[in-house]
Amino acid sequence: MNELEDVSHHIHDRISSIQTMLDLSVAEVPQNKIKKLGQELFALERLLEEFENCVCHQKSQLKHLKDLEELFQKDVEDVQHLKDNIPAHMPRKKCTANGKEPVMKQSEEADVQPLQPEQVKKTNKGYVREMEFITMPEFESIPQYMKGRVSYDQLNAAVQSINTAVAAKYKILHQPVKTLNNHARKLHQRFKDQETKDTKGQYFVVEDDVREFTQMKVDKRFQGILNMLRHCQRLRELRGGGLTRYMLL
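Residues numbered from 1 in each chain as written. Predicted model: local features only at pLDDT ≥ 70, side-chain atom pairs only at ≥ 80, totals over all residues. Heavy atoms only, no water.

Draft legend 1. Here's a closer look at the environment of glutamine 194. Its location among the elements puts glutamine 194 in helix α8 (residues 182–194). Measuring from C-alpha to C-alpha, the distance between glutamine 194 and leucine 243 comes to 8.1 Å, with 49 residues separating the pair along the chain. (Helix = DSSP H or I, 4+ residues; strand = E, 2+ residues; numbered from the N terminus.)

Following this line, the structure appears as structure tokens:
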């Protein structure tokens, strides 16, 4: 702002000088004074031209900055939208109470061994296997005729519903029968009756389990989703005794 004021004062001084010379033009002015007047006018013209160019350049920069501001604002809105609409099946980073990731010492890292699924089952009686969510590359690999109008989020919502049914079913099976109410006992007996030698050690549900424990409709669309999950090797069907069992892979 100070530079602009300096330029303004400078131009004002030049104009005042020229005005003084013009006032003296009514009298006889020496040739050298007239020449100086012409030089002053020429310098003032160049200065005004530079000033106009500077103003145009600043206007262009201002427009560019406003465009950038709009782009950044849109990016902020997009990021906020993503933050507010994170799919439920997306993995989330776990942090400690102070908001930082827990740091593990090298000696501790050497002692920690990843548990195999069989070891998890032995160490945790309440362990229930879950179906892994479909990744985007897997979803894109599904033929279009099989996908129909089912979206990526809808497919993973179905995965979540099946996991909910599996968890609820095996929670009942893992409890002592004496601790169950009448309805849960009937379900427990039904689950046991549906087991076969081929289902031993496996996790499966039937359509009645999906109806019992979730809000998902078991209809033609549901059958199409099961076809996609079979295509992605998330489950397989086991038929027998008038039932279709959907076993997790």
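Draft legend 2. Fine view of helix α10 (residues 220–231). Taking 1.5 Å of rise per residue, twelve residues should cover 16 Å, and α10 covers 17 Å from first to last C-alpha, within 8% of that figure. For α10, every residue scored as buried is listed here: Phe222, Ile225, Leu226, Met228 and Leu229. End-on view of α10: buried residues confined to an arc of 160 degrees, all on one side of the axis. Among the structural elements, α6 (144–147), α7 (152–173), α9 (207–213), β2 (235–240) and β3 (243–248) are those in contact with the buried residues of α10. N-capping of α10 is provided by aspartate 219, with a side-chain oxygen placed 3.2 Å from the backbone N of arginine 221. Of the residues flanking the end of α10, it is glutamine 233, one or two places downstream, whose phi is positive at about 60 degrees. (Expected span 1.5 Å × (residues − 1). Buried < 20%, exposed > 50% of the residue type's maximum accessible area, 1.4 Å probe, protein only. Arc of directions from axis to C-beta. Contact = heavy atoms within 4.5 Å. Polar contact = N/O pair within 3.5 Å; in protein donor to acceptor, adjacent residues only side chain to side chain.)

Draft legend 3. View of the nonpolar core. Counting 37 residues, the largest nonpolar core has Leu155, Ile162, Val166, Ile225 and Leu229 as its most contacted members. When contributions to this core are tallied by element, the ones reaching two or more residues are α7, α8, β1 (204–205), α10, β2 and β3. In terms of residue count, α7 provides more of this core than any other element does, ten residues in total. (Core = buried A, V, L, I, M, F, W, Y, C linked by side-chain atoms within 4.5 Å.)

Draft legend 4. Structural context of the sheet that holds β3. Taken in spatial order, the three strands make up an open sheet running β1-β3-β2, and their pairing is antiparallel. Looking at strand neighbours, the two that pair on one side only are β1 and β2, the edges of this open sheet. Looking at chain direction, β2 and β3 are connected through six bridges and run antiparallel. Of the residues in β3, the one forming a bridge with arginine 236 is methionine 247. (Pairing = 2+ DSSP bridges.)

Draft legend 5. Representation of the packing of α7 against α8 within the structure. As a packed pair, α7 and α8 sit with axes 9 Å apart at the nearest point and diverge in direction by 100 degrees. In terms of orientation, α7 and α8 fall into the roughly perpendicular class. Contacts between α7 and α8 involve Lys169, Ile172 and Leu173 on the former and, on the latter, Ala184, Leu187, His188, Phe191, Lys192 and Gln194. (Axes fitted to C-alpha atoms, helices over the stretch in contact; angles between N-to-C directions. Parallel < 35°, antiparallel > 145°, perpendicular 65-115°, else oblique.)

Draft legend 6. Examining the packing of aromatic side chains more closely. Using the criterion set out here, one finds three aromatic pairs in the structure. For the pair phenylalanine 139 and tyrosine 152, a centre-to-centre distance of 5.6 Å together with 70 degrees between the ring planes defines the contact as edge-to-face. Here phenylalanine 139 is found in helix α5 (residues 136–141), whereas its partner tyrosine 152 is found in helix α7, with 13 residues between them in sequence. Look at phenylalanine 139 and you get buried, because its relative accessible area is 10%. Residue classification places tyrosine 152 among the buried positions, given a relative accessible area of 18%. Between phenylalanine 191 and phenylalanine 213, the aromatic rings sit 6.4 Å apart at their centres with planes inclined by 45 degrees, giving tilted as the arrangement. Within this pair, whereas phenylalanine 191 is found in helix α8, its partner phenylalanine 213 is found in helix α9, the two being separated by 22 residues in sequence. Over the aromatic face of phenylalanine 139 sits the side chain of lysine 147, whose NZ or CZ is 4.5 Å from the ring centroid. Lying over the aromatic face of phenylalanine 204, lysine 169 brings its terminal NZ or CZ to 3.5 Å of the ring centre. (Phe/Tyr/Trp six-rings, centres within 6.5 Å; stacked < 30°, edge-to-face > 60°. Lys NZ or Arg CZ within 6 Å of the ring centre and 35° of its normal.)

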